Amino acid sequence: MSKDYPEKPLTPSTPEARPTLGRKCLGVLLAFGLIAGQGRADTKKLQVDKNSSEGQYLELVTLEGDGAKKVALLEQFLVLFPASNVNVTSWVYSELQDRYRRIGQIDKALAAGEKLLSLTPDDIDTARLNWRLAESKGDPALVKKWVDATAEIADRLVKAPLPSDPDEMKIADERLALARQFVRNTDHDGYVKALATKDPVQRVDALEEFLKKRPQNPYLDQIEIAEFIAYNEAGDLDKTLAAAERIVAHNDKYDSAMLFIAEVNFRRKTDTKRALALATKFIERSATATKPEDLTEDQWARTKAQNLALAYLIVGGIHFQSSNWGPADRGLRAALPLVADDQLRATILYQLGWANYQMQNALEAIKFYRQCAAIRSPFQEQAGKAVISIKAEYNLP
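Scoring rules and cut-offs
Residues numbered from 1 in each chain as written. Predicted model: local features only at pLDDT ≥ 70, side-chain atom pairs only at ≥ 80, totals over all residues. Heavy atoms only, no water. Salt bridge = Lys/Arg side-chain N within 4 Å of Asp/Glu carboxyl O. Helix = DSSP H or I, 4+ residues; strand = E, 2+ residues; numbered from the N terminus. Buried < 20%, exposed > 50% of the residue type's maximum accessible area, 1.4 Å probe, protein only. Axes fitted to C-alpha atoms, helices over the stretch in contact; angles between N-to-C directions. Parallel < 35°, antiparallel > 145°, perpendicular 65-115°, else oblique. Left-handed = near helix turned anticlockwise from the far one by under 90°. Contact = heavy atoms within 4.5 Å. Nonpolar A, V, L, I, M, F, W, Y, C, P; charged D, E, K, R; others polar.

Here we come to the pattern of salt bridges. Summed over the entire model, instances satisfying the criterion amount to 18 salt bridges. Of the charged contacts in the structure, one is a salt bridge between R102 and D98, with a shortest N-O distance of 3.2 Å. Highlighted residues: R102 and D98, both in helix 4 (residues 86–102), separated by four residues, approximately one helical turn. Take R102: its relative accessible area is 46%, and that puts it in the partly exposed class. We note a salt bridge from E114 to K145, for which the minimum N-O separation is 3.1 Å. Here K145 lies in helix 7 (residues 140–159) and E114 lies in helix 5 (residues 106–119), a separation of 31 residues in the sequence. The class of E114 is partly exposed, set by a relative accessible area of 40%. Among the charged side chains, a network of salt bridges with common partners joins D329, R333, E364 and K367.

Okay, structure coming up:
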């Protein structure tokens, strides 16, 4: 089958060089300045009636200068006022989460964040802070839990309508920007992780699972190509063909899939007209084909020669089977210098001998038959006899 050289990048970095999912996305968010070092810059100020019991209590909290006592007062507030306004209770949990974080009580900070999210389920800042806290614990399962939670919130925020309130709009805009960036980075990480799966069958499964989770992602075309390559690696001819057909149905620039379809149709003798058209198109494009970034110059030269040889063989072979001797001769002649395998060269030389004999080019036929007879192959003896026969027929010395 054809050698594949996809027009990619499919993998922007090697699997070994990639951080874990959590650290990768966290690093990007830090780089964009999306994780605050202290608390939340976009949290609304606490609004509470100072004359109410809750307001008077919280005023005492703000006046308390001792950090440990302030934490104790905030904890007591939740006991004394379990039915307080959601916004007030959320503010208290937010304060507790941040204060627990600063004094190193990570488990309590995580619990406060989880309570806060039960009250404000779209609070992406709280989810990302819990994710950061999970990272500090070095717990992969906990990190995954909060990466997934942040991803779910980000997905909801991207799809949700913007609020009409001007004050809420500013907060929503900031969170929406974070959510969009997170979704992009999550998509990239999920795609690259699936693509790095070594076993080709498992790689397809991982890519399909990624598609189920993220059906609207920016890698749809690349996933189609990756599945085509994986099925080809696994040796599943029918699935490779189906994947190639899906690609060319909307992407006529991926020449490897086009050549694969041409080759299968040629070998199966099913739709030789289409095979001829696709192989001819491949040959026409080869002159302007650009080297993929992941191949060296030598690798590119070998791959290009192998695929071009295959395309010429398909063209020449189809014409040979149809007794169109002139086009068969041209296709096979073009393929010959690109083929290094002796057995394949012997086949091509024998066919060239026969095509030229049919066109009454006796000297050319003898030349090709002689070259074929010089190679140890199933055609060797017959080619030698053909030389003697043509000489006798044309009275040649």
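When you line up the elements, W91 lands in helix 4. Relative accessible area serves as the criterion here: at 18%, W91 is assigned to the buried category. A C-alpha to C-alpha distance of 6.6 Å links W91 and L46, two positions 45 residues apart in sequence.

On to the packing of helix 17 (residues 362–373) against helix 18 (residues 380–394), then. The relative placement of two packed helices is expressed as an angle between their axes plus a distance between the axes. It is at 8 Å that the axes of helix 17 and helix 18 come closest, and there the two elements cross at 155°. By the angle between their axes, helix 17 is roughly antiparallel relative to helix 18. Considering only the axes of helix 17 and helix 18, their crossing is left-handed. For the pair formed by helix 17 and helix 18, the contact residues are A362, A365, I366, Y369, R370, C372 and A373 on the first element and Q380, A383, G384, A386, V387, I390, K391 and Y394 on the second. For the contact of helix 17 with helix 18, a count of residues per class yields 11 nonpolar, two polar and two charged.

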